Amino acid sequence: QVQLVESGGGLVQPGGSLRLSCAASGFTFSRYTMAWYRQAPGKERELVASISRSGGSINYADSVKGRFTISRDNAKNTVALQMNGLKPEDTAVYYCYVLVLARGYWGQGTQVTVSS
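Thresholds, definitions, all that
Residues numbered from 1 in each chain as written. Predicted model: local features only at pLDDT ≥ 70, side-chain atom pairs only at ≥ 80, totals over all residues. Heavy atoms only, no water. Core = buried A, V, L, I, M, F, W, Y, C linked by side-chain atoms within 4.5 Å. Buried < 20%, exposed > 50% of the residue type's maximum accessible area, 1.4 Å probe, protein only. Helix = DSSP H or I, 4+ residues; strand = E, 2+ residues; numbered from the N terminus. Contact = heavy atoms within 4.5 Å. Pairing = 2+ DSSP bridges.

Novice: Could you clarify how one ought to interpret the nonpolar core in this entry?
Specialist: What tends to happen in soluble globular proteins is that the nonpolar side chains get buried as a cluster. Grouped together as the largest cluster of nonpolar side chains are 31 residues, with contacts concentrated most on Trp 36, Leu 81 and Tyr 94. Only strand 3 (18-25), strand 4 (34-39), strand 5 (46-51), strand 7 (68-73), strand 8 (78-83), strand 9 (92-100) and strand 11 (110-114) provide two or more residues apiece to this core. The greatest single-element share of this core, amounting to five residues, is contributed by strand 9. Setting aside residues up to four positions removed in sequence, Tyr 94 forms contacts with Glu 6, Leu 20, Trp 36, Tyr 37, Arg 38, Val 48, Phe 68, Leu 81, Met 83, Gly 109, Thr 110 and Val 112.

So this is what it looks like as structure tokens:
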């Protein structure tokens with residue numbers, strides 16, 4: 001079965017950095033676009049970044065462009081989100097996501113809190 005396990009969240013001061021990682025299993029990782037979403041308290045879940053199968057096509061939300069970098073390692077079945085220049089408004093639960101055979105799968109999420 002499809003499993004996505006996120007790690008790397010935590011508490012960081014404004015301007016700091018974190019690196020999130022998502023370990024995937026149960027499907028042929030290299031065949032699917034992967035994405036990171038986030039959900040802040042009281043807000044809808046939003047797309048943060050996505051990366052195509054080969055990594056050749058990447059998209060970011062306007063709010064994170066120039067600060068976040070998504071990457072993937074098809075040999076290790078992992079997708080990462082490097083977050084630099086973190087702001088308080090980046091505080092949210094971050095989720096890894098994949099659409100496999102018309103069904104969406106989410107990880108359990110990892111909390112990122114940006115606060116002084």
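Novice: Sorry if this is basic, but what is going on with the pairing of strand 8 here?
Specialist: Relative to strand 8, strand 3 runs antiparallel, the two being bridged by six bridges. Bridge pairing links Ala 23 to Thr 78 in strand 8. Pairing of strand 7 with strand 8 involves six bridges; the strand directions are antiparallel. Each residue of the ladder has a partner; that of Ile 70, found in strand 8, is Leu 81. Taken together, strand 7 and the strand that follows it, strand 8, pair antiparallel across an intervening segment of four residues, in which Asn 77 is found at a positive phi of about 55 degrees.

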